[in-house]
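Notes for the structure review
Take a look at the letters that make up each chain.
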Amino acid sequence: MRIGFIGTGAITEAMVTGIVGSGLDVAGILVSPRNREIAARLAGRFPLVRIVKDNQEAVDAADVLFLAVRPQIAGDVVPKLKFRKGQKVVSVIAATDRPTLLGWIGEEVELTQAIPLPFVAERVGVTAIHPPNRAVAAIFAALGTAVECETREEYDLLAVGSALMATYLGILDRTTAWFAEKGLHRDKARAYIAPLFASLAQRAVRDEGTPLEELAREFSTKGGLNEQVLTDFDRGGGHRALTDALESVLLRVRGDDR
């Protein structure tokens, strides 16, 4: 299998890094020369990687082609390319719907949309794809976990979920800052809180059959400190603020934010 990339940014670099170490049966990885620095770095690190002379060469040679250009320029880049009928094409272009992509491509390709995150470089990423596609899912499964969405609505909702990363880290930051204000060094606070959060996330993944509400109760002794923080958080508008933010992002993802 030969994999091609149109666009050579951070996500392409993460995906290529993960693919090379994944054990996938890959004969070659073709990267476009648009970002010469990243392309050269990848070619220098990995013998499988070759920089093509132009985008069309990547399209012509790839069995699976990833469109990984920024949405601001995708409308200029993609329509200039000539695709093969039935070609496997994976778009990781953000905030661009399927009809628009197919209009740009102008050919009956096997199109899948995906939301890879930087963690695919370490092969611990979770990636939403739509529609379900066995070959594409196998690639992302080798980079961590693939979640195949049956509908556009499911895919949009998981896109909203990916917007929680900064908030999660922001909670960690605000908590360690509070500890520092109370006299605990931030490094020591982070050394405690970050692994604590990681352990909770691992528990949620490991016990996937247990409702999260039940897990929350397990960690909230009646009248205890965990219950107090959760209750105060809710009374202070925390849950409402989170829900409002998710609703706002969903409107943007669906293109209804005007």
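In this report, the structure presented in the accompanying data block is examined. (Residues numbered from 1 in each chain as written. Predicted model: local features only at pLDDT ≥ 70, side-chain atom pairs only at ≥ 80, totals over all residues. Heavy atoms only, no water.)

Brief notes about the overall build of the protein chain
Broken down by element type, the protein chain carries twelve helices and eight strands. Principal-axis analysis of the C-alpha atoms places the extent of the protein chain at approximately 65 × 40 × 35 Å. When the 258 residues of the protein chain are sorted by exposure, 35% land in the buried category. By sequence separation, contacts in the protein chain at least 24 residues apart represent 49% of the contacts at least 6 residues apart. Of the roughly 15100 Å² of accessible surface on the protein chain, a fraction of 54% belongs to carbon and sulfur atoms. (Helix = DSSP H or I, 4+ residues; strand = E, 2+ residues; numbered from the N terminus. Buried < 20%, exposed > 50% of the residue type's maximum accessible area, 1.4 Å probe, protein only. Contact = heavy atoms within 4.5 Å. Areas by Shrake-Rupley, 256 points an atom, 1.4 Å probe, with all protein chains shown as cover.)

A word on the packing of aromatic side chains
Taken as a whole and judged by the stated rule, the model has four aromatic pairs. Relative to F66, the ring of F5 lies with its centre 5.0 Å away and its plane at 10°, an arrangement referred to as stacked. Of this pair, F5 sits in strand β1 (residues 2–6) while F66 sits in strand β4 (residues 64–67); the two residues are 61 residues apart in sequence, bridging distant segments of the chain. Across the pair, exposure class does not vary: F5 and F66 are buried alike. (Phe/Tyr/Trp six-rings, centres within 6.5 Å; stacked < 30°, edge-to-face > 60°.)

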